[in-house]
Amino acid sequence: MARVVVDVMLKPEILDPQGQAIAGACSRLGFEGIEQVRQGKRFEVEVEGEVDEAKLADVRRLAETLLANTVIEDFRVHVAS
């Protein structure tokens, strides 16, 4: 069994109010030097057998159709190390 990771983030041009709230809280809590925070999601997908290009393509298709809203989010698929 292998693990494939899908990282989903808002596209850079999309406002991230949750990230802005976290960045604002950082300075109030004494974490200096934090200029920007972008909030995202991480999915860990367990697949049977070895990960090959076909399985990665399946997980990419899963990300496009279910895990990410591709209108406002980008995603990256990679094999967990």
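That block above? That's the structure.
A short tour of the structure in this document, coming up. Throughout, residues of each chain are indexed from 1 in the direction in which the sequence is written. Per-residue local features are limited, in this predicted model, to residues with pLDDT of at least 70; the limit for side-chain atom pairs, both in listing and counting, is 80 or more; totals at the level of whole chains, interfaces and linings are taken over all residues. Side-chain measures here rest on the full set of heavy atoms in the structure, leaving out hydrogens and waters.

1. Re the sheet that holds strand β1 (residues 2-10)
- Across the sheet, three strands lie side by side as β2-β1-β3; this open sheet has antiparallel pairing. Where the open sheet ends on each side, the last strands, each with one partner, are β2 (40-47) and β3 (73-79). On average, adjacent strands in this sheet sit at an angle of 20° to one another, irrespective of strand direction.
- If DSSP finds at least two bridges between two strands, the strands pair. By definition, any uninterrupted DSSP run of H or I lasting at least four residues is a helix, any uninterrupted run of E lasting at least two residues is a strand, and each is numbered from the N terminus. Two strands pair when backbone bridges link them, and β1 and β2 are joined in this way by eight bridges, in the antiparallel orientation. Considered in β2, the bridge of Val-8 is made with Lys-41.
- We call two residues contacting when some pair of their heavy atoms lies within 4.5 Å. For helices, the axis comes from a line fit to the C-alpha atoms of the stretch in contact; other axes are also lines fit to C-alpha atoms, and the angle between any two N-to-C directions lies between 0 and 180 degrees. In the packing of helix α2 (residues 53-67) onto the sheet, contacts are made with β1, β2 and β3, and the angle to β3 comes to roughly 155°.

2. Focus: the pairing of β1
- Pairing of β1 with β3 involves seven bridges; the strand directions are antiparallel. Within β3, the residue paired with Val-8 across the bridge is Phe-75.

3. So, the nonpolar core
- Throughout this description, the term nonpolar core refers to a set of buried Ala, Val, Leu, Ile, Met, Phe, Trp, Tyr and Cys residues connected via side-chain atoms within 4.5 Å. Each residue is placed in one exposure class: buried if its accessible area under a 1.4 Å probe, protein chains only, is under 20% of its type's maximum, exposed if it is over 50%, and partly exposed if it falls in between. Grouped together as the largest cluster of nonpolar side chains are 12 residues: Ala-2, Val-4, Val-6, Val-8, Val-45, Val-47, Leu-56, Val-59, Ala-63, Leu-67, Ala-68 and Val-77.
- Elements that contribute at least two residues to this core include exactly β1, β2 and α2.

4. Some remarks on the pattern of salt bridges
- Here, a salt bridge means any side-chain nitrogen of Lys or Arg that lies within 4 Å of a carboxyl oxygen of Asp or Glu. As enumerated under the stated definition, the model contains six salt bridges in all.
- Here Arg-3 makes a salt bridge to Glu-46, at a shortest N to O gap of 2.8 Å. With Arg-3 in strand β1 and Glu-46 in strand β2, the pair connects residues that are 43 residues apart, well separated along the chain.
- Arg-3 gets classed as partly exposed once you look at its relative accessible area, which sits at 37%.
- Residue Arg-42 pairs with Glu-44 through a salt bridge whose shortest N-O separation is 3.0 Å.

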